[in-house]
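Architecture and fold: a report
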Amino acid sequence: QVQLVESGGGLVQAGGSLRLSCAASGRTFSGYAMGWFRQAPGKEREFVAAITWSRLNTYYADSVKGRFTISRDNAKNTVYLQMNSLKPEDTAVYYCAADSSRGSVYNTFSWGYWGQGTQVNVSS
């Protein structure tokens, strides 16, 4: 079993920044991609960003490209999401995910493990 724990969420003004962290523990194998999804009230969970184990490939939703940066520290089994120039529409619960081996990183159903989520609120 793999456990994922997110942290770093909170309340921030539009234009501000936050950095989310996700620490993985348990049966973590090398080769896992890791990523971030988010879900706003009344909306479907949507892809935000992903990164491969090698760190050589990153993927971003068009809505966050140029503002968010995903990174990982494999020695710490931790993935980060640096969020800059935040907008009110970024308000959501952000979920960490691991192991996209069942399909595309863009698809929620591809991922095998999920964290509990951390709330991000961006005020205007």
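Everything below is about the structure shown above.
This section reports on the structure supplied with the text. Owing to the predicted nature of the structure, the values given are computational and were not obtained by experimental measurement.

We now examine the side chain of T78. With respect to the helices and strands, the residue T78 is situated in strand β8 (residues 78-83). Judged by its relative accessible area of 10%, T78 is buried. Among the polar contacts listed, one links the side chain of T78 to the backbone oxygen of K76, at a separation of 2.9 Å. Setting aside its immediate chain neighbours within four residues, T78 contacts C22, A23, S71, R72 and D73.

The subject of this paragraph is the sheet that holds strand β3 (residues 18-26). Reading across from one edge, β1-β3-β8-β7 is the order of the four strands in this open sheet, with antiparallel pairing throughout. Strands with a single pairing partner mark the edges of an open sheet, and in this sheet they are β1 (2-7) and β7 (68-73). Strand after strand, the sheet turns through a mean of 15° between neighbouring axes, direction not considered. The sheet contact formed by β3 and β8 spans six bridges and is antiparallel. Paired with A23 across the bridge in β8 is T78.

The rules behind each value
Residues numbered from 1 in each chain as written. Predicted model: local features only at pLDDT ≥ 70, side-chain atom pairs only at ≥ 80, totals over all residues. Heavy atoms only, no water. Helix = DSSP H or I, 4+ residues; strand = E, 2+ residues; numbered from the N terminus. Buried < 20%, exposed > 50% of the residue type's maximum accessible area, 1.4 Å probe, protein only. Polar contact = N/O pair within 3.5 Å; in protein donor to acceptor, adjacent residues only side chain to side chain. Contact = heavy atoms within 4.5 Å. Pairing = 2+ DSSP bridges. Axes fitted to C-alpha atoms, helices over the stretch in contact; angles between N-to-C directions.

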